[in-house]
Amino acid sequence: MLRNPFRNLDHKKLSRSSDVLKAQNDYFKIVNRRIFVFSIIITVCFAMIVVRLGYLQLIAQEDYARKLENYSSNTEKDASSRGQILDRNNQAVAKTVSSHNIVYFPPQDVSSEEQWELAQKFAKRFEVSIDAMTNSDYQDLYMFLHTDKNGEKDGGKNLLKEEELNYSADEKEKLIRNRITKEMVDELADENTKKAFVVYLAMRKLPDTQTKVVIEDANENDVAYLTENKEEFPGFNVDLSSWKREYPYGDTLRDVLGSVTTSKQGIPSELRAYYEAKGYALTSRVGKSGLEQQYEELLAGTPRVSEIAYDEDGIALLTPISSGKKGYDLHMSIDIDLQQRVDAILNQTLETYAGTAGREKFNKLSVILMNPMTGEIYAMSGKYKDEAGKIQNFSSAAYLDSYASGSVVKGATVYMLLEEGVESKTSIEIDAPMRIANDKERSSYQNYGPVDAVKALQVSSNVYMWKGVLKMAGTTYQEGQPLNISNERQEEMLHTMRNYYSMFGLGTKTLLDVPNEAVGFKGFLSQGGQLLDYSIGQFDNYTPIQLAQYVSMIANGGKRIQPKLVNYATEINSDYRVMENKTNVLSAISTPQKKENLKTVQEGFRSCVTDGHCGLRNFSVPVAAKTGTAQVPPYTNASLVGYAPYGDNPKVAFVCSAPTSAADSFSQEVNICSSTVMPQVLTEFFKKY
C-alpha cells in the first residue's frame, strides 16, 4: 500500500479540534490539486520518453541500424590490398605484393573432435611450421592432450596436489601452467602432433563467423593440391586475393616504417579496443608500429565484403558483394638513397671507433638531416653496436632516445639572456674559473678572458652562460661566496628557463608524425648550482629530433616548424592528393628586437665554424654550427647541430648525437660528430642538393 505523501500536511492542518470545527474544508479542491500535480509529473515523464524515442528514430537511427547490421549481418570483411610507402623520389620503400593464403571457415555444426581429426590430416599433407608456437601454446597442447588413467582428458589436473583440487578454476590453471615443462610436452606430442595443434588453434580462433588464416603465403605445391582436393578438407580454401608486405631496402629505416600484423595474428590485444571501435574485424591486418601504425587509416583502404551462405553440406560459401578499395600511397620526405649513404657512414664510424681506446663505451650514433624551412626530413639515421659486436639499425632513436646534449643548447641560453636584458650583444663577461662556496670549481674548456655574446658561442664559454643566469636570478658571482638564491627563486628560474628552451622545441614534443614520440627527461632541482648546469645542456635530456627543431628555428629566423616524415598521400595510380602535411609553423618570433637577438645567435654559430671550434670549414657552402660535450662520468656525450647555407635561405639543418662516445680524459677537440661523421654526411648531402 502506497503511503499518502500529503499525510503529514493534513495532520498538521487538522491538529487542533477547534480548527477542525471551524475549518470549512473543500475536499474536492484538495483532491483536484493533487490530481493536477500528478498529471504534471506524468506529462513530463511521457514528454521525456517521446523526446528519447524521437532521437532514436530520427537522429540516431542510422547509427543504431549500422550496429544492428554488425551484430546480425551474415557478412565477412576482409582487408583490401595495402597502399605503398614511397620516398620523395617515388622509390617504393614498403610494397604490397600478392600472395596465397590457405584459409579455413568452419562448416555448420562441426564439432571440436571433428576439427582435431581434420587438423591432424591437414598437418600430414601440408607444410606447417611450429616456429611461431609460444610457451603458452605448448602449455595448451599439454592440457589438450593429457588424459587420466581411464583415458579421459583431464586438462593436466595430474599436476595438482589433492588439496589444490579445491582451488578456483583460475588458480588451478595457473598452477598447472607453471608446472608444465617442454620435456613433458615432448613426451606427449611428436612433431606431427605439434603441427596439427598449430592448425587446430588457427581453426578454432575466434570469431567463428570469420575466415581464419592457417598458412600464410603458402607454397605453390600446397596451393595446387588443396585447389584440386578441397573435398578432402571441408572448410579449407585458397585465398587468391591475399597480400603480403615487402621492404625492398631491407633494414633501412625499418623501425621508423614500422610493421604490419600477419593474417594469423590479427589485431594485437593492446590495440583491439581502438580498432574495433573503428569497425575493424578482429582478424584484420593492421599497422602495429611506426608509420604503418601512424597512417593506418590511409594505408588500409576499404575492406572487401562477402556474403556468407552455406550449401547442403554445411560448407560456407562466400559471395563478394563489395570489392573494396586499395589503400592510399604515402609519399615520404625521406630520400632513401641519401638515407642509405648516411647509414653507411654511421656503420663505418662505429666499425672503426666503437670500443677503441678512449671510446670503450661508444656504441651508438644518430644523425638527422631536415629542411629547416618546411620540416621535411631528408634522412633519419641511427645505428648501435650490440653486445655481440653486430651493428643494428636504430633510426627511431631520433625520437625515442634522449641524451644530455651539452653546449649545443647555448644558442637558446644566449637568446634567453638577451631577451631578459641581463646581457646585450656587446656586453662583456670575463671568462675565468668560478669558485662558489659549497660547489665545485667551475670553468670553461679554457680561460677565454673577455667574451661577448657572439664570442661566447664561438668558443663555447660556460662562464658567460653561468654569470648571465646568476644575473637573471637577481644575484652576481662573488668568489668564495655561496649563490644566495632562495629555493622559491630557484624554482621560478627553472620554470622561466624551461619556457625559453621549450619555445625552441627543447624538452617538449615536436609533433613528428610517428606514434609514441618521447618528450625526453627533465631533471629535478635540488640546488642552485644545477641552474648553471642547465644553461650549458647538462641537466635536462633532449631527443635528436628536438635538437633538429631547435636548430631549424635558429636557421630559419625564428619559426618553430613541425617536422614530418610524410609529405602527402595519393590515390593508387594517380597524382591526386587525398592528404597533405603542409608546412606547419607551431610558433614564431615576430618582433624586430627578438629577431635581432636571434640573429646574434646565428652569428655566434657561424663564428664557431669560421674560427675552427666547430670544424666544417672545408665546404664551398657556408655552414653555421655548434658543438656540445656533456659529462656523464666517466664518459662524455658528443653532439653537433647546425645548418647550411648560412644566410636567409638555408637548405638543411643537421643534428649528430653520439652518447658516451669518449672518455672524460679525451679533449673537446675529438668530438666525433664534428671531426668524423658530419663532414662526410654533409659532403653526401651537397652532392645531391
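The rules behind each value
- Think of each chain on its own: its residues are numbered from 1, step by step along the sequence as written.
- Local features in a predicted model are, by the rule used here, given only for residues with pLDDT of at least 70; side-chain atom pairs are given and counted only at 80 or more, and totals for whole chains, interfaces and linings are based on all residues.
- Hydrogen atoms and water are omitted, and side-chain values are computed over all heavy atoms in the structure.
- Under the DSSP-based scheme used, a helix requires at least four consecutive residues in state H or I and a strand at least two consecutive residues in state E, with every element numbered from the N terminus.
- The atom set for the radius of gyration is the C-alpha atoms, and the globule formula is 2.2 Å times the number of residues raised to the power 0.38.
- The cut-offs for exposure are 20% and 50% of the maximum accessible area for each residue type, with area from a 1.4 Å probe on protein chains only; residues under the lower value are buried, those over the upper are exposed, and the others partly exposed.
- Whether two residues are in contact is decided by their heavy atoms: any pair within 4.5 Å suffices.
- All accessible-area figures derive from a Shrake-Rupley calculation using a 1.4 Å probe, and residue coverage is judged against the displayed protein chains alone.
- Just so you know, the count uses Lys and Arg for positive and Asp and Glu for negative, and it drops His and the chain ends.
- Charge coordinates come from a single atom per side chain, which is NZ of Lys, CZ of Arg, CG of Asp or CD of Glu.
- In this scheme Phe, Tyr and Trp rings, the latter by its six-membered ring, pair at centre separations within 6.5 Å, and the angle between planes marks the pair as stacked below 30 degrees, edge-to-face above 60, and tilted otherwise.
- Charge-over-ring contacts are defined here by two conditions on Lys NZ or Arg CZ: a distance within 6 Å of the ring centre and an angle within 35 degrees of the ring normal.
- Cysteine sulfur atoms that pair up within 2.5 Å are treated as a disulfide.
- Pairing between strands requires that DSSP locate at least two bridges from one strand to the other.
- Patch construction takes residues with relative accessible area above 30% that form no salt bridge. Like charges are linked within 9 Å, and nonpolar side chains (Val, Leu, Ile, Met, Phe, Trp, Tyr) are linked within 5 Å.
- By salt bridge we mean one thing: a side-chain nitrogen of Lys or Arg within 4 Å of a carboxyl oxygen of Asp or Glu.
- Throughout this description, the term nonpolar core refers to a set of buried Ala, Val, Leu, Ile, Met, Phe, Trp, Tyr and Cys residues connected via side-chain atoms within 4.5 Å.

## Section: the overall build of the protein
In terms of regular secondary structure, the protein is built from 24 helices and 24 strands. For the protein, the C-alpha radius of gyration of 35 Å lies well beyond 26 Å, the compact-globule estimate for 689 residues. Here the C-alpha coordinates of the protein stretch approximately 105 × 95 × 65 Å along the principal axes. When the 689 residues of the protein are sorted by exposure, 48% land in the buried category. Sequence separation of at least 24 residues holds for 70% of the intrachain contacts in the protein that already meet a minimum separation of 6. When the accessible surface of the protein is summed, it comes to about 34,500 Å², and 49% of that surface belongs to carbon and sulfur atoms. Taking the average location of the 78 positive side-chain charges in the protein and that of its 88 negative ones, the two points are 8 Å from each other.

## Considering the environment of Val103
If you trace the backbone, Val103 turns up in strand β4 (residues 101-104). The spatial distance from the C-alpha of Val103 to the C-alpha of Lys212 is 5.4 Å, given a sequence separation of 109 residues. In this structure, Val103 is in contact with Thr211, Lys212, Val213, Val214, Gly235, Phe236, Asn237 and Asp239, ignoring residues within four places of it in sequence.

## Thoughts on the packing of aromatic side chains
Centre distance and the angle of the planes are the two values used to describe a pair of aromatic rings. Taken as a whole and assessed by the stated rule, the structure comprises 27 aromatic pairs. When the ring of Phe122 is compared with that of Phe126, the centres are 4.3 Å apart and the planes differ by 20°; the resulting orientation is stacked. Ring geometry for Tyr378 versus Tyr689: centroids 5.1 Å apart, planes at 40°, classification tilted. Placement of the pair is Tyr378 in strand β12 (residues 377-385) and Tyr689 in the segment after α24 (672-688), with a sequence separation of 311 residues. Taking the relative accessible area as the measure of exposure, Tyr378 reaches 5% and is therefore buried. By relative accessible area, Tyr689 is classed as partly exposed at 37%. Chaining the aromatic ring pairs together yields one cluster made of Tyr104, Phe122, Phe126, Tyr225, Phe233 and Phe236. Here the basic side chain of Arg125 rests over the ring of Tyr225, its NZ or CZ set 3.7 Å away from the ring centre. Over the ring of Phe144 we find Lys153, and its NZ or CZ is 3.7 Å from the ring centre.

## A short note on the state of the cysteines
Two cysteines whose sulfur atoms are joined by a covalent bond form what is called a disulfide. All chains considered together, the criterion is met by two disulfides. Covalent S-S linkage joins Cys608 and Cys614, the inter-sulfur distance amounting to 1.8 Å. Classification of the bridge connecting Cys608 and Cys614 rests on its S-S torsion, roughly 65°, and on that basis the disulfide is right-handed. For the pair formed by Cys608 and Cys614, the shared burial category is buried. Disulfides within the protein link the bonded cysteines, taken in sequence order, as 1-2, 3-4.

## Looking at the sheet that holds strand β19 (residues 566-570)
Strand order in this open sheet of six strands is β7-β3-β2-β10-β19-β20, and the pairing throughout is mixed. What marks the edges here is a single partner per strand, and that holds for β7 (243-246) and β20 (577-580). Strand direction decides the pairing type here: strand β10 (residues 329-332) and β19, joined by four bridges, are antiparallel. In the strand pairing of β19, His331 is matched with Tyr568.

## Some thoughts on a nonpolar patch on the surface
Where nonpolar side chains cluster on the molecular surface, the patch consists of Phe36, Val37, Phe38, Ile40, Ile41, Ile42, Val44, Phe46, Met48, Ile49 and Leu53 and spans about 1,100 Å² of accessible area. Inspection of the secondary structure puts Ile41 in helix α3 (residues 27-59). Relative accessible area serves as the criterion here: at 46%, Ile41 is assigned to the partly exposed category.

## Let's talk about the nonpolar core
With 86 residues, the main nonpolar core has Met332, Ile368, Ile377, Met380, Tyr550, Leu565 and Phe605 as its most contacted residues. Here this core takes eight residues from helix α22 (residues 544-555), the largest share from any one element. Residue contacts for Ile377: discarding those within four places in its chain leaves Ser333, Ile334, Ile368, Leu369, Met370, Leu512, Ile545, Pro563, Lys564 and Leu565.

## What about the pattern of salt bridges?
Here the structure, examined in full by the defined rule, presents 28 salt bridges. Glu684 is the salt-bridge partner of Arg341, the closest N and O atoms lying 3.2 Å from each other. Within this pair, whereas Arg341 is found in helix α15 (residues 336-353), its partner Glu684 is found in helix α24, the two being separated by 343 residues in sequence. Owing to a relative accessible area of 28%, Arg341 belongs among the partly exposed residues under this scheme. Taken together, the shared-partner salt bridges connect Asp335, Asp337, Arg341, Glu684, Lys687 and Lys688 into one network.

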